[in-house]
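Reading the structure
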Amino acid sequence: MRHVVILTVSLCIFISCDPKRIFEEYRPVERKGWHKDSVMIFAIDLQDTYGLYNMYLNVRNRGTYPNRNIWLSISTHFPDGRLRTDTVEILLADPSGRWKGSGIGDLFDSQILYRKEMKFPVRGEYQFIIRHAMRPVRLEGIQDVGMRLEKN
């Protein structure tokens, strides 16, 4: 029995290790829906100005989400005060309506590569502010929004 416990704990530690990951967080969306004025803020302190990174956007949606895509507006605030804003489309379902992300029950997790081999030119705290850019004021069916940064 002792060997089984040690093996289980070792396996959990091994699986949870992710040497590429620098940052990964999710922000929950209000139960009644993601309001157009509600933003998700992710702050990352970066000191490496030479390394290359891949940045991903993560979206968890319920099967009740009425669209096959979601448009997000991402504003990047640099430590030196500069600001860059992008608009990104994430396809959550294929044309037939089948959800693309991995799922358990009625919850689906999608991850898209937002920026590949990016550099952070200035040391300090970067803030990434994400809001939805869809037509409805309140977007129903989105559970969580997240961001992942990993070393390339």
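Each remark here, short or long, concerns the structure printed above.
1. Examining the pairing of strand β3 (residues 40-46)
Residues of β3 alternate between two faces, with M40, F42, I44 and L46 buried on one and I41, A43 and D45 left unburied on the opposite face. In this sheet, strand β9 (residues 124-132) lies alongside β3 in antiparallel orientation, the contact comprising 7 bridges. In the sheet register, L46 faces β9, and the bridge partner there is G124.

2. Comments concerning the environment of D106
With respect to the helices, strands and loops of the structure, D106 is situated in the loop between β7 (102-104) and β8 (107-118). Between the C-alpha atom of D106 and that of T64, which follows or precedes it by 42 residues, the distance is 8.0 Å. Setting aside anything within four residues of it in sequence, one finds D106 in contact with N61, R62, G63 and T64.

3. Quick look at unusual backbone geometry
A positive phi angle is found at E117, which is not glycine, with a value near 50°. By relative accessible area, which is 45% here, E117 ends up partly exposed.

4. Considerations on the sheet that holds β3
In a beta sheet, neighbouring strands are held together by backbone hydrogen bonds and run either parallel or antiparallel to one another. Reading across from one edge, β3-β9-β5-β6 is the order of the 4 strands in this open sheet, with antiparallel pairing throughout. The two strands at the open ends of the sheet, each matched to only one other strand, are β3 and β6 (83-91). Neighbour-to-neighbour, the strand axes of the sheet open up by a mean angle of 20°, direction not taken into account.

Reading guide: rules and limits
- Within each chain, residues carry numbers counting from 1 in the order of the written sequence.
- A pLDDT threshold of at least 70 governs which residues receive local features in this predicted model, and a stricter bar of 80 or more applies before side-chain atom pairs are shown or counted, although totals over entire chains, interfaces and linings include all residues.
- Side-chain measures were taken over the full set of non-hydrogen atoms in the model, leaving aside hydrogen atoms and water.
- Exposure categories follow from relative accessible area, calculated using a 1.4 Å probe and restricted to protein chains: below 20% of the type maximum is buried, above 50% is exposed, and the middle band is partly exposed.
- By the criteria applied, helices consist of DSSP H or I runs no shorter than four residues and strands consist of E runs no shorter than two, each listed in order from the N terminus.
- Here, a strand pair is defined by DSSP locating no fewer than two bridges between the strands.
- The contact definition used throughout considers only heavy atoms, calling two residues in contact when any of these lie within 4.5 Å.
- Between N-to-C directions, angles cover 0 to 180 degrees, with each direction set by a line fitted to C-alpha atoms, over the stretch in contact for helices.

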